[in-house]
Amino acid sequence: MDGGAVHRVTARTVAVIVSAWHTPEGRRVALALVAAAGSAIAFARIAEDYLTNDPLARWDVSFARWLSGERTTAGTDFFRVITFFGSPAVALTVAAVVCVVLYRRGHLVQAAFLPVVLGGAELLNLILKVSFHRPRPEVAFVQLDTYSFPSGHAMISTAAYGALAYLAWSRSRTRGGRLFLIAGTTLLVGLIGFSRMYLGVHYLSDVLAGVTAGAFWLAVSIALQTAFGERFAVGFTGSRADRFARRVTRS
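Along each chain, residues carry numbers from 1 onward, in the same order as the chain's sequence is written. Note on the predicted model: pLDDT of at least 70 is required for a residue's local features to be given, and 80 or more for side-chain atom pairs to be given and counted; whole-chain, interface and lining totals, by contrast, use all residues. Side-chain calculation: all heavy atoms of the structure are included, whereas hydrogens and water are not.

(A) Spatial organisation of the environment of Arg104. Considering the arrangement of structural elements, one finds Arg104 in helix H5 (residues 88-104). Relative accessibility decides the category of a residue: with a 1.4 Å probe and only protein chains considered, values under 20% of the type maximum give buried, values over 50% give exposed, and everything between is partly exposed. With a relative accessible area of 37%, Arg104 lands in the partly exposed category. Measuring from C-alpha to C-alpha, the distance between Arg104 and Arg246 comes to 7.5 Å, with 142 residues separating the pair along the chain. Strands here are runs of E lasting at least two residues and helices are runs of H or I lasting at least four, both read from the DSSP assignment and numbered beginning at the N terminus.

Have a look at this one:
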């Protein structure tokens with residue numbers, strides 16, 4: 001490709017971006033893709049530290065050992081409850097209930113958003129665990145057979161509860177309500193992530209990687225919903241799948 005062709009392609013790309021930025025949907029897609037890119041870069045840096053045994057990975061072990069020495073019965077009981085809310089089963093149950101409620105109320109685009117977030121996050125988590133195959137910490141409170149990197153609880157909770165917060169954002173009209181929404185979601189995800197370290201089943205880098213990977217897929221899902229959600233709703237409404245889903249959710 002010569003210089004003139006490169007210049008024309010670049011000019012068209014810039015024109016499309018500028019044109020898209022003038023619409024709310026275009027701005028949302030652009031911001032979501034920027035967030036996805038930032039999350040992917042953060043995940044890559046954490047993964048690089050683990051693979052090259054950089055300071056973060058070395059500090060992982062010492063921090064895990066120190067935290068296991070501070071573990072108490074009361075603390076263990078508390079964080080076992082917290083970690084329960086980050087399990088894929090609980091996240092899936094909560095998302096399924098919200099999905100059905102939205103669907104029955106006619107909010108098809110928002111209802112379809114949740115399966116995309118949960119399904120994609122589960123698949124991505126499986127792929128990443130198999131790709132890195134990191135053993136669990138030796139100081140674990142319970143022994144698990146699955147791989148450690150990234151933390152599935154941190155990843156799924158970031159994606160799932162982040163998606164619920166995103167859907168609730170448009171329904172919260174006050175600044176205080178939105179600040180509470182952000183703070184509550186951040187606190188919940190943070191506690192779930194810390195519970196995995198406190199129970200000794202994950203290293204710090206596992207949790208950080210899970211949060212960034214979950215944020216990445218959440219941002220991608222927001223971009224997909226914004227770009228294609230309405231088109232999907234038009235095609236789905238009145239279809240056999242729609243009629244079947246309505247019969248199932250009515251019972």
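(B) View of the pattern of salt bridges. In what follows, salt bridge is the name for a side-chain nitrogen of Lys or Arg lying within 4 Å of a carboxyl oxygen of Asp or Glu. All chains considered together, the criterion is met by three salt bridges. Here Glu48 and Arg45 are joined by a salt bridge, their closest N and O atoms 3.9 Å apart. Of this pair, Glu48 and Arg45 are both found in helix H2 (residues 24-52), three residues apart, which corresponds to roughly one turn of the helix. The exposed category is assigned to Arg45, whose relative accessible area is 55%. Across the salt bridge formed by Asp206 and Arg134, the nearest N and O atoms sit 2.8 Å from each other. Taken as a pair, Asp206 in helix H9 (residues 204-236) and Arg134 in the loop between helix H6 (108-132) and helix H7 (152-169) lie far apart in primary sequence, 72 residues in all. Judged on exposure class, the residue Asp206 and its partner Arg134 are both buried. Via salt bridges that share partners, Asp60, Arg134 and Asp206 belong to a single interconnected network.

(C) Geometry of the environment of Ala44. Tracing the sequence through the fold places Ala44 in helix H2. Sequence separation of Ala44 and Ala209 is 165 residues, and the distance between their C-alpha atoms is 8.5 Å.

(D) Fine view of unusual backbone geometry. Note that the residue after Phe149, namely Pro150, is joined by a cis bond; omega there is -5 degrees. Mapped onto the secondary structure, Pro150 falls in the loop between H6 and H7. Within the chain, His133 stands out as a residue other than glycine whose phi angle is a positive 35 degrees. Of note, His133 is situated in the loop between H6 and H7.

(E) A look at the layout of surface pockets. Taken as a whole, the largest pocket holds about 1,000 Å³ of empty space. The method works on a 1 Å grid over the protein atoms by themselves. A cavity is a set of points holding a 1.4 Å probe that cannot get out, a pocket is an open set with protein on both sides within 12 Å along at least five of seven lines, and residues with an atom within 4 Å of a point line them. If you trace the largest pocket, you find 33 residues lining it, with Gly162, Tyr166, Leu167, Trp169 and Ile222 closest to the centre. Elements represented by at least two residues in the lining of the largest pocket include exactly H2, H6, H7, helix H8 (175-198) and H9. When residues in the lining of the largest pocket are grouped by element, the largest group, eight residues, is from H9. Residue polarity is assigned by list, with Asp, Glu, Lys and Arg as charged and Ala, Val, Leu, Ile, Met, Phe, Trp, Tyr, Cys and Pro as nonpolar; anything else, Gly included, falls into the polar class. A per-class count over the lining of the largest pocket returns 16 nonpolar, 13 polar and four charged. Grid points are joined across faces, edges and corners, and a volume is the space filled by probe spheres set on the points.

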